[in-house]
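Geometric and topological summary
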Amino acid sequence: MTGDALGEPQSQRERSGPSPRIARFTVEDGRYPPRLRHLHDPPRTLFCRGHLSALEQPSVAIVGSRRSTAYGRRVAEELAREAARAGWCVVSGMALGIDAAAHRGCMAGGGVTLAVLGSGVDRAYPRSHASLMTRILQRGLVLSEHEPGVSPRPHHFPRRNRILAALADRVVVVEAAKRSGALITAAVAADLGRDVWAVPGSIFSSNTGGTHRLLEDGAIPVSSLEAWRISLAEGAEGLDSPGDVPPSSQLALRPHLAGLPRQVWEALEAEPLSLEGLADALGTPGREILPVLASLELEGWLERRPGPTYLRAVA
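We now turn to the structure provided with this report. (Residues numbered from 1 in each chain as written. Predicted model: local features only at pLDDT ≥ 70, side-chain atom pairs only at ≥ 80, totals over all residues. Heavy atoms only, no water.)

Attention now goes to unusual backbone geometry. For residues that are not glycine, phi is negative in most cases, and the peptide bond is trans in most cases. The residue after Y125, namely P126, is reached through a cis peptide bond having omega -5°. By secondary structure assignment, the location of P126 is in the loop between β5 (113–116) and α4 (130–139). A cis amide bond links G307 to the next residue, P308, at an omega of -5°. Within the secondary structure, P308 sits in the loop between β11 (302–305) and β12 (309–312). For M94, which is not glycine, the phi torsion reads 60° and is therefore positive. Relative to the assigned elements, M94 resides in the loop between β4 (89–92) and α3 (98–108). A relative accessible area of 0% places M94 in the buried class. (Helix = DSSP H or I, 4+ residues; strand = E, 2+ residues; numbered from the N terminus. Buried < 20%, exposed > 50% of the residue type's maximum accessible area, 1.4 Å probe, protein only.)

In structure tokens, the structure reads:
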């Protein structure tokens, strides 16, 4: 893997800026990121724009709410800035709020940042982040499993979050409501053995219900910037290569469900089941179970396989 922008000579890159070229490679390709191979359903194809060398650094995913507070954005920026200064690549989803703050903080610290999109890599989402994407491409990388030209769709983002988690050596959730997509990222990271961190927040804010639940479940608290700096220095020393898996996370995430969604989740503990199998197991009509399955799949907790059958996405 080369540090040049998709293989272009350094001098040409400096003259012309970020390359508009899009690299495409499959899971069989030698350039395929080793971290993604740890997923039980790695993307078969990846599309990248920018500098593939971003995949070679220790990396931290910093994620959180789109509807962030000023406090949350400041924390995300500071954590990302410190990570950049310590030589870590900051991974996020280029969304509004915490994601954008993380990318900007990393670049302000002189670091390399990687954006994982729920659309094609030629499409900035939201559109207001077109200039942010251009800045990211100057030194970093934009990556997606979707072909160029594909528009963002709601069901793309839970799938996108598994890539975010797998590309990172650790995940930090800054602000998240109780049903935030950032919790999917944390759940996948925990399942992969990555360390999950969470930032404490106000007990009066709806934006911190999810992060506080992570802390209750065993996430590592971000207690101060000084402690964060020390952890970055120690963490980078413990990672020999991007393919290494850090020590197993202590976090054991499960969706906090009630009623029929909880019954469906528990019924799928032993083995995958079809809609008919779930209806028989629960004694509930399939027409009532189907919208629950759709909701859990959209949130990233379940996967649908041919048949169709349903299984848990996170063990």
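With that out of the way, let us pick up the packing of aromatic side chains. Scanning the entire structure with this criterion turns up two aromatic pairs. Measuring from ring centre to ring centre gives 5.8 Å for Y125 and F157, while their planes differ by 40°; the resulting arrangement is tilted. Of this pair, Y125 sits in the loop between β5 and α4 while F157 sits in helix α5 (residues 156–167); the two residues are 32 residues apart in sequence, bridging distant segments of the chain. On the basis of relative accessible area, F157 is assigned to the buried category, the value being 14%. (Phe/Tyr/Trp six-rings, centres within 6.5 Å; stacked < 30°, edge-to-face > 60°.)

Let us look at the sheet that holds strand β9 (residues 220–221). Here nine strands make up an open sheet; going across it, the order is β1-β2-β6-β5-β4-β3-β7-β8-β9 and the pairing mixed. On the outer flanks of this sheet lie β1 (23–26) and β9, each paired with one strand and no other. Strand direction decides the pairing type here: strand β8 (residues 195–198) and β9, joined by two bridges, are parallel. In the sheet register, W197 faces β9, and the bridge partner there is I220. Where helix α2 (residues 70–85) meets the sheet, it contacts β3 (59–63), β4 and β7 (170–173), and its direction lies at approximately 175° from that of β3. (Pairing = 2+ DSSP bridges. Contact = heavy atoms within 4.5 Å. Axes fitted to C-alpha atoms, helices over the stretch in contact; angles between N-to-C directions.)

For α5, which comprises twelve residues, the first-to-last C-alpha distance of 17 Å matches the rise-based estimate of 16 Å (1.5 Å per residue) to within 8%. Counting buried positions along α5 gives eleven out of twelve residues, so the element sits mostly inside the fold. Of all the positions in α5, only H156, F157, P158, R160, N161, R162, I163, L164, A165, A166 and L167 are classed as buried. (Expected span 1.5 Å × (residues − 1).)

Here the focus is the nonpolar core. Looking at soluble globular proteins, one finds that nonpolar side chains tend to be buried together. Core analysis: the biggest nonpolar cluster contains 41 residues, and L36, L114, V116, L141, L143, L167 and V173 have the highest contact counts within it. Residue contributions to this core peak at seven residues, all from helix α6 (residues 182–191). Once residues within four sequence positions are removed from consideration, L143 is found in contact with L46, F47, C48, L55, L114, A115, V116, L117, V121, I163 and L167. By size, the runner-up hydrophobic cluster in this structure holds 21 residues, among which are A83, W197, V222 and W228. (Core = buried A, V, L, I, M, F, W, Y, C linked by side-chain atoms within 4.5 Å.)

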